[in-house]
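Geometric and topological summary
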Amino acid sequence: MNAPIPAMIPQADPGAGYRAQKEEIDAAVRRALDSGWYILGKEGAAFEQEFAAWLGVGQHAVGCANGTDALALILRGLGIGPGMTVATVSHTAVATVAAVEMVGATPLLLDIDPDTYTMDADELVSVLDHPPPGLPPIAAVIPVHIYGQACDLGPMLEATRAKGIPLIEDCAQCHGASLDGARLGTLGTAAAFSLYPTKNLGALGDGGVLATADAGLAERIAAIRQYGWRERYVSAMVGVNSRLDEVQAAILRVKLTALDAGNARRGAIAAAYDSALAGGPLAPPVRRASAEHVFHQYVLRTPERAAMQAALKAQGIGTGIHYPVPVHLQPAYRDRTPLGPAGCAETAAAAEEVFSLPMYPELTDAQVERICTALRGLAA
Ligand SMILES: *Cc1c(COP(=O)(O)O)cnc(C)c1O
């Protein structure tokens, strides 16, 4: 007789995050609905204050419709647009690059360090010193703290400050992570956070928030997100519509109270995976020594990816690939998007080999143990 097939453990499970706080979330949704005010009201303002306070002293937060818009709003607020280049990476959600083009700027895609999958700091320093010919001047840099771990931000900040260029942190995957004890999202000129349901801080729908210590920039962006209004019906500047609604803000206020504990749980799950992998064919993810990782994703790398994923699937364990096709090889971007001198070779190689294990705070101990047993059984 065949052994019973165990229930599939999904790679991500945003519904589990809702169920874990269901009573509080339902009450918050009811409160927002009963208020009779659905866009830019008390819940949104309270979420912005609570998020800014959680992030750090002196931070200002502005809610918006999604993480892509958070990046684009920062670029607009800084006056970045046509005739300017923004250096970023190809190993990211397409959203990062889409935001640059939304404001009319030209993306320049740099390669990654193959150990941490984050922007190659040496390549950035080199393109800032020797901008690629034929491109508009580099006016901003957007490194991505991918998978929950900091970029090599020190040399990037030094190089951008020396040139007077803003550095915008893409924090869509790193809510709560830090570098040298400082929270990510407080180190650059401004930071963009996605609140997509599967992110470490996730709404139950779309949402985004951006943060900056520059009060003037935050005020300008708050106007830009609503038609450039500082006062109602008066567009002081050209704006867009990108607002966080009251229901999502009320939900996010509840979710924010669980974020630090959720990140700690992710860390414990990562440590269990590390132990289970010891001595096997797959190496645990590399941690940057001075950084605290929040494991948005727990990413492994192997040329035998398809076989490893199939072996795990056969044991009821879902995996994902973040990301299977880098931006510069996507149909909409390839052959037209400028690359840095490294040509994104490490990016293309990583995309062929990376895959992600299940990772969310609501994984039960029994599920983690099942995953660890399967990892111990992986043969070279
Ligand atoms: C999720 C994500 C975004 C975009 O967020 P949306 O809320 O989906 O617009 C941007 N950058 C990175 C690195 C992401 O992971």
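Bear in mind that the values here come from a model prediction, so they are computed numbers and not experimental data.

All right, on to the site of the ligand then. Among the 14 residues in the neighbourhood of the ligand, the closest are listed as Gly-67, Thr-68, Gln-173, Ser-194 and Lys-199. One nitrogen or oxygen atom from the main chain of Gly-67 is found 2.8 Å from an oxygen atom belonging to the ligand. The contact in question runs from an oxygen atom of the ligand to an N or O atom on the side chain of Lys-199, over 2.8 Å. Protein burial of the ligand: of its 380 Å² of free accessible surface, 90% is covered by the chains. Only helix 4 (67-77) and helix 5 (94-102) provide two or more residues apiece to the shell around the ligand. Residue composition of the shell around the ligand, grouped by class: 5 nonpolar, 7 polar and 2 charged.

With their axes 9 Å apart at the nearest point, helix 6 (residues 121-129) and helix 7 (residues 153-163) run at an angle of 10° to one another. Considering their axes alone, helix 6 and helix 7 lie roughly parallel with respect to each other. Where helix 6 approaches helix 7, its residues Ala-121, Leu-124, Val-125, Leu-128 and Asp-129 are matched on the opposing element by Pro-155, Met-156, Ala-159, Thr-160 and Lys-163. Of the residues belonging to the contact of helix 6 with helix 7, the class tally is 7 nonpolar, 1 polar and 2 charged.

Glancing now at helix 13 (residues 365-376). With 12 residues, helix 13 extends 16 Å from end C-alpha to end C-alpha; this agrees with the ideal 16 Å at 1.5 Å per step. Restricting attention to buried positions, one finds in helix 13 the residues Val-368, Ile-371, Cys-372, Ala-374 and Leu-375. Across the axial projection of helix 13, the buried residues extend over an arc of 160°, all falling on one side.

Our focus in this paragraph is the domain arrangement of the chain. Examined at the domain level, the chain breaks down into domain 1 (17-111 + 118-256) and domain 2 (259-377). With centres defined by C-alpha atoms, the gap from domain 1 to domain 2 works out at 24 Å. Listed as interface residues are 44 residues of domain 1 and, on the opposing side, 38 residues of domain 2. Taken together, the two surfaces of domain 1 and domain 2 that pack against each other cover about 3,300 Å², and 54% of this comes from carbon and sulfur. Counting across the domain 1 and domain 2 interface gives 2 salt bridges. Counting residues per element, the ones that place at least two in the side of domain 1 that touches domain 2 are helix 1 (14-20), helix 5, strand 3 (106-110), helix 6, strand 6 (178-179) and helix 9 (246-256). For the side of domain 1 that touches domain 2, the element with the highest residue contribution is strand 3, accounting for 5 residues. Its residues placed into classes, the side of domain 1 that touches domain 2 shows 21 nonpolar, 15 polar and 8 charged.

Quick notes on the rules
- Numbers given to residues run from 1 along each chain, matching the order in which its sequence is written.
- In keeping with the model being predicted, local features are shown solely for residues with a pLDDT of at least 70 and side-chain atom pairs are shown and tallied solely at 80 or more, while totals for entire chains, interfaces and linings include all residues.
- Heavy atoms from the whole structure form the basis of all side-chain values; hydrogens and water molecules are not counted.
- Whether a residue is near a molecule or strand depends on its heavy atoms: it is near if one of them lies within 4 Å of it.
- Any pair of N or O atoms that falls within 3.5 Å is considered a polar contact. Within protein, one atom must be able to donate a hydrogen and the other to accept it, and sequence-neighbouring residues count only if both atoms are side-chain atoms.
- The protein chains shown are the only cover counted for residues, whose accessible areas, like all others here, come from Shrake-Rupley with a 1.4 Å probe.
- Numbering goes from the N terminus for both helices and strands, where a helix is a DSSP run of H or I of at least four residues and a strand is a run of E of at least two.
- Residues were grouped as follows: Ala, Val, Leu, Ile, Met, Phe, Trp, Tyr, Cys and Pro as nonpolar; Asp, Glu, Lys and Arg as charged; and all remaining residues, including Gly, as polar.
- Angles shown run from 0 to 180 degrees and are taken between the N-to-C directions of axes, each axis being a line fitted to C-alpha atoms and, for helices, limited to the stretch in contact.
- Should an angle fall under 35 degrees it is taken as roughly parallel, and over 145 as roughly antiparallel, whereas 65 to 115 is taken as roughly perpendicular and any remaining angle as oblique.
- The contact criterion used is simple: two residues touch if any of their non-hydrogen atoms lie within 4.5 Å.
- One less than the residue count of a helix, multiplied by 1.5 Å, gives the span that helix is expected to have.
- Partly exposed describes any residue whose relative accessible area lies between the buried limit of under 20% and the exposed limit of over 50%, with all areas from a 1.4 Å probe on protein chains only and scaled to the type maximum.
- For this quantity, the arc is that covered by the directions from the helix axis to the C-beta atoms.
- In this document the domain limits rely on a domain assignment from an automatic tool or a database.
- Buried area, as used here, totals the accessible surface that two parts lose on assembly, with accessibility defined by a 1.4 Å probe and the loss added over both.
- Basic side-chain nitrogens of Lys or Arg form a salt bridge, by our definition, when they fall within 4 Å of a carboxyl oxygen of Asp or Glu.

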